[in-house]
Amino acid sequence: MIVLGIESSCDETGVALVRSDGPGTPRLLAHALHTQIDMHRAYGGVVPELASRDHIRRVLPLTRQVVAEAGIGLGHVDLVAYTQGPGLAGALLVGAGVACALAAALERPVVGIHHLEGHLLSPFLSADPPVFPFVALLVSGGHTQLMRVDDVARYSLLGETIDDAAGEAFDKSAKLMGLGYPGGPALARLAEFGDPSAFELPRPLLHSGDLDFSFAGLKTAVRTRLGKLGTNVCQQDLANLAAATQQAIVDVLVRKALQALRQEGLTRLVVAGGVGANRLLRTRLDAEAAKRGLRVHYPELALCTDNGAMIALAAALRAQRGLTVPQADHAFGVRPRWPLTEVSVAA
Ligand code: KG4
Ligand code: ZN
């Protein structure tokens, strides 16, 4: 079976083809991505209306590109999948509309996929795929969640952020430091030159005993430190502050991820979402895993941020288990706000 996946929930248009034969892990045939970062940079963040218009421009050329790269015809596609939510409503509607129109024209079924389900299953396309059950640390621009994952579509929420997401903490702190958009990678790059111990920053809820996160106070602390440094802040101070911010975020993520594994009696951790690309987070988790006999799985770096491959993969894995419910008459709707637990099925 060949699945076409379309992702358009935020500022990346992603299209991919995945092949799944029998019960084995589906294989990526081709994927293509267009990031809107350059377009939004001038505004310091994502402009939803511009995002939607750009998805419209990109989605069909990218679809033609993956079909050509895979060396197949569109007629070979057996199932069309798109990101149904969560995300920006207008951006989601572009992918949904195109996916449903394609499926109708091809007379194939179409399914809406949860964006975070795509992220948390994305390591199955890596060279070192996980096995169920595992704990997933989902760290993106909009979400920070710990999930227990017993199988495809069997997700239990263990804890989540009560305010800002980890990616948001990176992005907002970076903005305060004048590092522009997208802030996470820029802050991580600057942090390489800084001394994290130069500033003491809060680690909210570190010892709360539960698996919830809170990052809003960190951003406030960064603002206060910057205020004290004044307008003539030197590059080294900025690098030190970037390093301290990154360290504070990573400390909390690592501690809570380990706590979740202990609590659930599991030894496998999957890290997914844009912040999963952070080098310090990976180094720290790998070191802890080596000490404690745990396994940590990541998506390939190219599939850490938003992409169509994870959407096609999630649809293929669901289809293997008979869990795809094709939409009647190709009518479509999007879910800008949509808890992942709603796509979970009872054990
Ligand atoms: O999963 P994603 O691409 O989009 C959402 O679904 O939100 O995640 C984007 C987030 C942004 O907040 C971005 O700053 C962050 O991931 N990010 C990083 C890094 N690369 C991306 N944060 C820290 N370090 C990185 N290397
Ligand atoms: Zn994402």
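Since the model is a prediction, treat every value here as computed from it, not as a measurement.

About the cut-offs
Residues numbered from 1 in each chain as written. Chains lettered and ligands numbered in written order. Predicted model: local features only at pLDDT ≥ 70, side-chain atom pairs only at ≥ 80, totals over all residues. Heavy atoms only, no water. Salt bridge = Lys/Arg side-chain N within 4 Å of Asp/Glu carboxyl O. Donors = N, O, S within 2.8 Å, 3.2 Å for Na, K, Ca; no water. Helix = DSSP H or I, 4+ residues; strand = E, 2+ residues; numbered from the N terminus. Buried < 20%, exposed > 50% of the residue type's maximum accessible area, 1.4 Å probe, protein only. Near = heavy atom within 4 Å. Polar contact = N/O pair within 3.5 Å; in protein donor to acceptor, adjacent residues only side chain to side chain. Areas by Shrake-Rupley, 256 points an atom, 1.4 Å probe, with all protein chains shown as cover. Nonpolar A, V, L, I, M, F, W, Y, C, P; charged D, E, K, R; others polar. Domains from an automatic or database assignment. Pairing = 2+ DSSP bridges. Axes fitted to C-alpha atoms, helices over the stretch in contact; angles between N-to-C directions. Contact = heavy atoms within 4.5 Å. Disulfide = S-S within 2.5 Å. Core = buried A, V, L, I, M, F, W, Y, C linked by side-chain atoms within 4.5 Å. Phe/Tyr/Trp six-rings, centres within 6.5 Å; stacked < 30°, edge-to-face > 60°. Expected span 1.5 Å × (residues − 1).

Draft legend 1. Inspection of the pattern of salt bridges at higher detail. Summed over all chains, the structure comprises 20 salt bridges. Here the salt bridges do not stand alone but share partners, grouping Asp 164, Glu 168, Lys 172 and Lys 219 into one network.

Draft legend 2. Quick look at the coordination of the zinc ion (ligand 2). For the zinc ion (ligand 2), the full set of protein donor atoms is His 115 (NE2), His 119 (NE2) and Asp 306 (OD), and the range of their distances to it is 2.1 Å. The sequence pattern formed by the donor residues of the zinc ion (ligand 2) is H-x3-H-x186-D. Of this pair, His 119 sits in helix 4 (residues 115-121) while Asp 306 sits in the loop between strand 10 (295-297) and helix 10 (309-320), and the two are 187 residues apart along the sequence. Asp 306 shares its class with His 119; the two are buried.

Draft legend 3. Examining the site of ligand 1 more closely. As a structural note, the neighbourhood of ligand 1 is formed by 18 residues, with His 119, Gly 141, Asp 171, Gly 274 and Asn 278 the closest of them. Asp 171 is positioned with one of its side-chain polar atoms (N or O) 2.6 Å from an oxygen atom of ligand 1. Gly 184 has a polar backbone atom sitting 3.1 Å from an oxygen atom of ligand 1. Out of a free accessible area of 560 Å², ligand 1 has 85% covered by protein chains. Counting only elements with at least two residues in the shell around ligand 1, the list comes to helix 4, helix 5 (166-176) and helix 6 (183-191). In terms of residue class, the shell around ligand 1 is made up of five nonpolar, eleven polar and two charged. A domain split of the shell around ligand 1 shows at least three residues from each of domain 1 (2-121 + 303-343) and domain 2 (132-298).

Draft legend 4. Structural detail: the sheet that holds strand 1 (residues 2-7). Here five strands make up an open sheet; going across it, the order is 3-2-1-4-5 and the pairing mixed. Looking at strand neighbours, the two that pair on one side only are strand 3 (27-35) and strand 5 (110-114), the edges of this open sheet. Across the sheet, the axes of successive neighbouring strands diverge by a mean angle of 20 degrees, strand direction being ignored. In this structure, strand 1 lies alongside strand 4 (residues 79-85), joined through four bridges in parallel fashion. The residue bridging Val 3 from the neighbouring strand is Leu 79, located in strand 4. Packed on one face of the sheet, helix 3 (residues 89-106) meets strand 1, strand 4 and strand 5 and runs near 160 degrees to strand 4.

Draft legend 5. Here's a closer look at the state of the cysteines. The final tally for this structure, using the stated rule, is zero disulfides. Of all cysteine sulfurs in the structure, the one in Cys 304 sits closest to Cys 10, which takes part in no disulfide; the separation is 16 Å. Judged by relative accessible area, Cys 10 falls into the partly exposed class, the value being 25%.

Draft legend 6. Main features of the nonpolar core. Membership of the largest hydrophobic core comes to 49 residues, with the highest contact counts inside it found for Leu 137, Leu 146, Phe 215, Leu 253, Leu 269 and Val 271. Elements that contribute at least two residues to this core include exactly strand 6 (134-139), helix 5, helix 6, helix 7 (216-229), helix 8 (235-264), strand 9 (268-272) and helix 9 (279-292). For this core, the element with the highest residue contribution is helix 8, accounting for 16 residues. Residues within four places of Leu 269 in sequence aside, it is in contact with Val 135, Leu 137, Ala 257, Leu 261, Leu 285, Arg 295, Val 296 and His 297.

Draft legend 7. Region of the structure containing the packing of aromatic side chains. Per the counting criterion, the structure on display carries four aromatic pairs. Their ring planes at 15 degrees and their centres at 5.4 Å tell us that Phe 132 and Phe 134 sit as a pair that is stacked. With a relative accessible area of 0%, Phe 134 lands in the buried category. Clustering of aromatic rings is evident, with ring pairs tying together Phe 124, Phe 132 and Phe 134.

Draft legend 8. Structural context of helix 3. Here helix 3 spans 25 Å end to end across 18 residues, near enough to the 26 Å set by a 1.5 Å rise per residue. Here helix 3 has its buried residues at Ala 91, Leu 92, Val 94, Gly 95, Ala 96, Val 98, Ala 99, Cys 100, Leu 102 and Ala 103. Structurally, helix 3 contributes buried residues whose contacts are with strand 1, helix 2 (48-70), strand 4 and strand 5. Just past helix 3, the residue Glu 107 takes up positive phi, approximately 55 degrees.

Draft legend 9. Inspection of the environment of Ser 208 at higher detail. Along the polypeptide, Ser 208 turns up in the loop between helix 6 and helix 7. Sequence-wise, Ser 208 and Lys 256 are 48 residues apart; in three dimensions their C-alpha atoms are separated by 9.8 Å. A distance of 2.9 Å separates the side chain of Ser 208 from the backbone oxygen of Leu 205, its partner in a polar contact. Within the structure, the side chain of Ser 208 is placed 2.6 Å from the side chain of Asp 210, a separation counted as a polar contact.

Draft legend 10. Highlighting the environment of Ser 9. Within the secondary structure, Ser 9 sits in the loop between strand 1 and strand 2 (12-19). Overall, the relative accessible area of 2% leaves Ser 9 in the buried class. Between the C-alpha atom of Ser 9 and that of Arg 108, which follows or precedes it by 99 residues, the distance is 23 Å. Not counting the four nearest positions on each side in its chain, Ser 9 is found in contact with Thr 83, Pro 86, Gly 87, Leu 88, Ala 91, Leu 92, His 115 and Asp 306. Side chain to side chain, Ser 9 and Glu 7 meet in a polar contact 2.6 Å long. Looking at Ser 9, its side chain comes within polar contact range of the side chain of His 115, at 3.4 Å.

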